[in-house]
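# Structural description and commentary
The lines below spell out each chain.
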Amino acid sequence: MDAAVTYSPRRWWAGPLDVEGLALHSVEAAAAALNLYAGTPGRFGTTSALTAAAFDSFGHLRIAGRKPKGFAPLSGFHRTSDGWIRLHANYPHHEQRLLQALGVTSPEEAERRLRSMAALEAEAAIQSNAGIAAAVRTRSEWLASDMGRAAGSGAWVDFEFADGMTAGMGLRDFGEESSGGNSAGRRSGQAEALPLQGLRVLDLTRVIAGPVATRLLAALGADVLRIDPPAFPEIEDQFVDTAFGKRSAEVDLSLPDNQHRLRQLLAGADVVVAGYRHGALDRFGLNPRELLGSYPGLVVATLDSWGSAGPWSGLRGFDSIVQAACGIAHVYGKENHDGEWRPGALPVQALDHATGYGVAAAAIHLLGRRREAGTGGAAHLSLARTAEELFSLGRNTERPSELPAPGYRSTGSAYGELRYVGPPLTDAGRPLDYPFPPPSYRGSPLAWV
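Residues numbered from 1 in each chain as written. Predicted model: local features only at pLDDT ≥ 70, side-chain atom pairs only at ≥ 80, totals over all residues. Heavy atoms only, no water.

### Overview of the side chain of Arg97
- Mapped onto the secondary structure, Arg97 falls in helix α4 (residues 92-102).
- An unpaired buried charge is present at Arg97: no salt bridge exists, and Glu95, the closest side chain of opposite charge, is 12 Å distant.
- Setting aside anything within four residues of it in sequence, one finds Arg97 in contact with Asn129, Ala130, Gly131, Phe232 and Arg316. (Helix = DSSP H or I, 4+ residues; strand = E, 2+ residues; numbered from the N terminus. Buried < 20%, exposed > 50% of the residue type's maximum accessible area, 1.4 Å probe, protein only. Lys, Arg positive; Asp, Glu negative; His and termini not counted. Salt bridge = Lys/Arg side-chain N within 4 Å of Asp/Glu carboxyl O. Contact = heavy atoms within 4.5 Å.)

Okay, here's the thing in structure tokens:
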């Protein structure tokens, strides 16, 4: 973070790692990329309060007065014969695969079965059946593994351009201009057009990290069209949290007619953001290199859990699973009131959110390069690589301070009255907002506005 930028408070979440630093750096990356793209130094910035609220947007959300539904019963930490494992079963098809892998039919039976298995044995069994799990490793165990070494290689953002050149950028490399929260004093205060107005973003993302990226692009004026497969619907509450400012359509890309419609969308798109596991969309011609070959002016930003190298590169994953594997869950572990040690978790799903804002920053950076060079490019991030950025920040030793109450906003929607927090950015000192509430899931036409 630029030494000239001061955030107050600088620490608000208790815990051993500098999660606040990761959050502020990632949002500042997006702000800095925007300031360079818009040619307006200092226009966009952030504050501690806005960043903290945005990183916990799901926790602050209320849908018709109720809290959104969190983790499913089978998701979470489970005891094994020699340690702990973390499971993810929020989606029905993931739960089914997990139960099948363990040879059981209920969460209670799964709990008993796991206690008879070693953590690595259970992890291998579940992963081999396309389920989602990771043994809780120490930091040193992760760094000594092939996957841990692969996750730590390369830059936070890896770029590849249409001309074949490559580059990398770190968490603090997005622009030299300070993008701190004191931007209001450097501008006249008159409203300007949003910098991404008129740009089209094809959103092929799910869960949190990718949708957070495209939610921010929508807040900045882009026409964001999210498309989902019919066979695996998104969790509704999760969709509501991350679909502000977007449109939502459904398409089965396995059908030839729909592949033709996809190509029509791509021909009119400026940005594609894809957030499926590495290689999962290649069969539809959505590999970044193929896309750039067919559409040289396109900006392609991809993210996944484990990165594009290493033995887990093709596996599914989630923020909580990456935390378990890379040593975060062990670092945050502590004894409960019965004296039993249990693994822990970050105060928010910071790997998801930080990666999402990194994706947005990378896409905006590539849009700026396209304007200058006339060609697009691709960027890739992963949750596992973001975890390495978090560890590189070290420990935040300041005492936590209390943040001001979030600036809650409300709006009607197809889901009832929503209480929500806005994006983590200020525009000329004023908090940014989303242009409209989440749409009906898969209720939009498969076409650009």
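### So, the nonpolar core
- Ranked by internal contacts, the top residues of the largest apolar core, which has 102 residues, are Phe55, Phe159, Phe174, Leu217, Leu220, Trp306 and Ile328.
- Residue contacts for Trp306: discarding those within four places in its chain leaves Trp142, Met147, Trp312, Ser313, Leu315, Arg316, Gly317, Ile321, Val322, Ala325, Ser382 and Ala384.
- Among the nonpolar cores identified, the runner-up in size contains 24 residues, and Leu225, Val251, Leu266 and Val300 belong to it. (Core = buried A, V, L, I, M, F, W, Y, C linked by side-chain atoms within 4.5 Å.)

### A look at helix α6 (residues 119-128)
- Residues of α6 that are buried: Ala119, Ala122, Glu123, Ile126 and Gln127. On an axial view of α6, the arc spanned by its buried residues comes to 125°, and they lie on one face. Of the residues in α6, the exposed ones pointing more than 90 degrees away from the buried face are Leu120 and Ser128.
- On the buried face of α6, the contacting elements are β4 (84-87), α4, α5 (107-115) and β5 (133-135).
- Backbone geometry just downstream of α6 places Ala130 in the positive-phi region, at approximately 65°. (Arc of directions from axis to C-beta.)

### Points about the sheet that holds strand β15 (residues 377-382)
- Reading across the sheet, the 8 strands line up as β7-β6-β15-β12-β11-β8-β9-β10 and stay open at both edges, with mixed pairing between neighbours. Edge positions in the sheet fall to β7 (166-169) and β10 (246-250), since each of these pairs with one other strand and no more. Strand after strand, the sheet turns through a mean of 20° between neighbouring axes, direction not considered.
- Both strand β12 (residues 299-304) and β15 contribute to a ladder of 6 bridges, which runs parallel. What sits directly across from Ala301, in β15, is Ala379.
- In the packing of helix α15 (residues 350-373) onto the sheet, the strands contacted are β6 (157-161), β7, β11 (271-274), β12 and β15, and the crossing angle to β15 comes to about 165°. (Pairing = 2+ DSSP bridges. Axes fitted to C-alpha atoms, helices over the stretch in contact; angles between N-to-C directions.)

### Remarks on the packing of helix α9 (residues 209-219) against α15
- In contact at an axis separation of 7 Å, α9 and α15 are set at 45° when each is read in the N-to-C sense. Overall, the two elements α9 and α15 adopt an arrangement that is oblique. The interaxial crossing formed by α9 with α15 has right-handed handedness. Between α9 and α15, the contacting residues are Ala209, Val212, Ala213, Arg215, Leu216 and Leu217 on the first element and Asp352, His353, Thr355, Gly356, Tyr357, Val359, Ala360 and Ile364 on the second.
- Here the contact of α9 with α15 is built from residues that sort into 9 nonpolar, 3 polar and 2 charged. (Parallel < 35°, antiparallel > 145°, perpendicular 65-115°, else oblique. Left-handed = near helix turned anticlockwise from the far one by under 90°. Nonpolar A, V, L, I, M, F, W, Y, C, P; charged D, E, K, R; others polar.)

### Topic: the pairing of strand β3 (residues 76-79)
- When β3 meets β4, the two strands line up antiparallel, connected through 4 bridges. When the bridges of β4 are listed, Gly76 appears paired with Leu87.
- Linkage of β3 to β4, two consecutive antiparallel strands, is achieved through a turn of 4 residues.

### Observations regarding helix α13 (residues 319-326)
- Most of α13 sits inside the fold, with 8 of its 8 residues counted as buried.
- Along α13, the residues classified as buried are Asp319, Ser320, Ile321, Val322, Gln323, Ala324, Ala325 and Cys326.
- Phi turns positive, to about 110°, at Gly327, one or two residues after α13.

### Some words on the pattern of salt bridges
- Applying the stated criterion to the full structure yields 21 salt bridges.
- The shortest N-O distance in the salt bridge between Asp146 and Arg149 comes to 2.4 Å. Here Arg149 and Asp146 lie together in helix α8 (residues 146-151), a separation of 3 residues that amounts to about one turn.
- Judged by relative accessible area, Asp146 falls into the exposed class, the value being 52%.
- Relative accessible area serves as the criterion here: at 46%, Arg149 is assigned to the partly exposed category.
- Ionic pairing is found between Asp228 and Arg226, a salt bridge with its closest N-O pair at 2.6 Å.

### As for the packing of α15 against helix α16 (residues 383-392)
- Look at α15 against α16: their axes get within 9 Å of each other, and the N-to-C directions meet at 100°. As judged from the angle between their axes, α15 and α16 are roughly perpendicular. Here Leu351, Asp352, Ala354 and Thr355 of α15 lie close against α16, whose contacting residues are Leu383, Thr386 and Ala387.
- Looking at side-chain class alone, the contact of α15 with α16 contains 4 nonpolar, 2 polar and 1 charged residues.

### Describing the pairing of β11
- Of the two faces of β11, the one holding Val271 and Val273 and the one holding Val272 and Ala274 are both buried throughout.
- Sheet analysis places strand β8 (residues 200-204) next to β11, joined by 4 bridges and oriented parallel. Residue Val201 lies in a different strand from β11, and its bridge partner there is Val271.
- Note that β11 and β12 share 4 bridges and pair parallel. Following the sheet pairing, Val273 is matched in β12 by Ala301.
- Following the backbone out of β11, through helix α12 (residues 288-294) and into the adjacent parallel β12, one traces a crossover that is right-handed. (Right-handed = clockwise from strand over helix to strand, strands pointing away.)

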